[in-house]
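Topology and contacts: notes
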Amino acid sequence: MTAPPILSPRMRGIKASPASVLRRRARELRATGRDIIELSSGNLDFPTPDHVIAAAHDAALRGETRYTDVDGTPELKQAVQAALLRDHHLDYRPDEIVITNGSTQALFNALLATLAPADEVIIPAPYWAPYLDQVRLAGGTPVVVPCAQNNGFKLRAEDLQAAISPRTRWIVLNNPVNPSGALYSREDLSEIAAVLLRHPDIWVLADGLYEHIVFNGTPAPTLAEIEPRLKPRTLTVSGLAKSYAMMGWRIGYAAGPAALIREIITIQSQTTSGASSISQAAAVAALDGAQDVLTERAAILRARRDRFAELLNECAGLSCVPPEGTFYLLVNCAGVIGKRAPDGKVIATDRDFSAYLLEQADVAVFPGEDLGLSPHIRVSFANPSATIEEAARRSKRACEALQ
Ligand code: PMP
């Protein structure tokens with residue numbers, strides 16, 4: 001007997017996130033005994049700081065093991081409020097803040113709460129892949145706007161203007177950008193703000209998840225701080241994952257107008273009931289504690305970035321420019337496209353090249369096709385220096401083996 005049909009029409013065209021697929025493939029290969037170097041993941045190799053882990057332990061022992069308020073514990077909301085003020089001079093009240101299961105959920109709930117069929121969401125490319133399917137799942141239509149390499153992969157005001165239609169509901173502004181590492185300066189954001197001020201019906205989804213992974217010492221600016229007139233229609237989203245190496249703790253947050261935050265909380269109340277109590281206690285310690293860890297780790301990442309970029313630029317057919325933020329290098333691989341691998345297969349796309357590196361060189365990278373920019377690959381330098389050196393050696397050999 002066959003099972004009844006599974007899929008809702010909503011799932012048409014929706015795929016598992018590329019990152020999750022790559023993670024699974026790397027795990028499968030590892031299980032066969034292969035020594036896979038994973039440059040494809042969004043995980044940092046740093047541990048969560050000790051005092052943060054201790055706070056989680058203490059909270060659990062204290063009995064903070066029950067459901068919390070759906071919108072987050074008052075302590076964590078207060079810590080987020082203080083962090084937004086400290087880092088961005090942004091003043092949000094507690095009823096303008098919601099704690100979520102990672103920033104992923106903040107983004108999705110916002111889209112789910114607001115999009116009607118045929119509503120459009122402007123997404124600059126290259127992009128974090130889930131934005132697209134989140135928009136589709138919420139019933140909207142992603143409108144991808146390519147950002148030129150000669151503009152540092154940043155959205156130009158005129159390209160934004162040209163992409164706006166009467167159906168535009170949101171624009172996604174990620175700063176710094178996964179995957180390009182581009183960092184929008186205050187001036188860059190002002191130019192974008194000037195366009196948005198002319199279009200009062202558009203909301204801004206400002207995703208600052210990597211705001212502290214920057215190499216100039218100050219957190220990446222976010223739109224609401226640059227243009228207060230846009231604050232009433234901006235959702236400022238961030239999380240603990242990258243700043244404090246807390247990927248698995250699943251804590252994110254959104255701050256914005258109370259009316260929108262209320263809708264996000266309503267969805268959360270019906271779907272997840274809110275974030276983990278233990279993780280929230282840990283997040284308070286991370287946000288309220290000493291912040292030296294941010295600059296210390298950024299300095300380590302900066303050195304790795306420079307070394308990895310230097311090594312990859314020695315690989316035949318590859319080129320990259322060290323980015324100003326995030327822990328990713330976006331590597332142009334135009335020089336390997338059209339070449340033939342030792343097994344006779346032609347490398348026709350960056351997906352082919354990624355598959356070649358994984359299957360033949362045991363290096364997992366992210367294909368640009370899934371990031372809206374080809375022919376490129378994205379590699380992470382949030383790995384120990386020895387791993388980076390070895391990954392570069394393997395990549396160099398693999399590139400040299402192409403004809
Ligand atoms: N935004 C961007 C740009 C990301 O790269 C990620 C994860 N890598 C997220 C949001 C979601 O992260 P999390 O749910 O762990 O906060």
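Small disclaimer: the values here were computed from a predicted structure and weren't measured. (Residues numbered from 1 in each chain as written. Predicted model: local features only at pLDDT ≥ 70, side-chain atom pairs only at ≥ 80, totals over all residues. Heavy atoms only, no water.)

1. Points about the site of the ligand
- In the region of the ligand, 13 residues are neighbours, and S103, T104, N178, D207 and R250 sit closest.
- T104 is positioned with one of its side-chain polar atoms (N or O) 2.5 Å from an oxygen atom of the ligand.
- The separation between an oxygen atom of the ligand and a polar side-chain atom of Y210 is 2.9 Å.
- Bound to the protein, the ligand loses 92% of the 400 Å² it would expose on its own. (Near = heavy atom within 4 Å. Polar contact = N/O pair within 3.5 Å; in protein donor to acceptor, adjacent residues only side chain to side chain. Areas by Shrake-Rupley, 256 points an atom, 1.4 Å probe, with all protein chains shown as cover.)

2. Points about the sheet that holds strand β12 (residues 376–380)
- Strand order in the open sheet made by the three strands is β9-β12-β11, with antiparallel pairing throughout. A single partner strand is all that each edge strand has here, and the edge strands are β9 (328–332) and β11 (366–367).
- Both β11 and β12 contribute to a ladder of two bridges, which runs antiparallel. Across the sheet, the residue bridging to F366 is R378, located in β12.
- Where helix α12 (residues 350–361) meets the sheet, its contacts fall on β11 and β12, and the angle it forms with β12 comes to roughly 40°. (Pairing = 2+ DSSP bridges. Helix = DSSP H or I, 4+ residues; strand = E, 2+ residues; numbered from the N terminus. Contact = heavy atoms within 4.5 Å. Axes fitted to C-alpha atoms, helices over the stretch in contact; angles between N-to-C directions.)

3. Considering the domain arrangement of the protein chain
- Domain annotation for the protein chain reports domain 1 (9–47 + 293–400) and domain 2 (66–288).
- Using only C-alpha atoms to locate each centre, domain 1 and domain 2 end up separated by 26 Å.
- Summed over both partners, the interface of domain 1 with domain 2 buries about 2,600 Å², with 64% contributed by carbon and sulfur atoms.
- The largest contributions to the domain 1 side of the interface with domain 2 come from L294, E324 and T326, which together make up 23% of the buried area.
- Counting across the interface, domain 1 meets domain 2 through zero salt bridges.
- Linking domain 1 with domain 2 are ten residue pairs in polar contact (both at pLDDT 80 or more), by the criterion used here.
- Elements with a minimum of two residues in the side of domain 1 that touches domain 2: α11 (292–312), β9 and β12.
- Taken together, the residues of the side of domain 1 that touches domain 2 break down into 17 nonpolar, nine polar and eight charged. (Domains from an automatic or database assignment. Buried area = accessible area lost by both parts, 1.4 Å probe. Salt bridge = Lys/Arg side-chain N within 4 Å of Asp/Glu carboxyl O. Nonpolar A, V, L, I, M, F, W, Y, C, P; charged D, E, K, R; others polar.)

4. Quick notes on the packing of aromatic side chains
- Tallying each qualifying case throughout the model produces seven aromatic pairs.
- Here the aromatic rings of W170 and W203 are separated by 5.5 Å at their centres, their planes lie at 45°, and the arrangement is tilted. With W170 in strand β5 (residues 168–174) and W203 in strand β6 (residues 203–207), this pair connects stretches of sequence that are 33 residues apart.
- Residue classification places W170 among the buried residues on the basis of a relative accessible area of 0%.
- Judged by centre distance (4.7 Å) and plane angle (50°), the rings of F327 and Y328 are tilted.
- A residue is classified by how much of its surface remains accessible, and Y328, at 1% relative accessible area, is buried.
- In textbook terms, an aromatic cluster arises when at least three aromatic residues are bridged by ring pairs, as seen for Y210, F327 and Y328. (Phe/Tyr/Trp six-rings, centres within 6.5 Å; stacked < 30°, edge-to-face > 60°. Buried < 20%, exposed > 50% of the residue type's maximum accessible area, 1.4 Å probe, protein only.)

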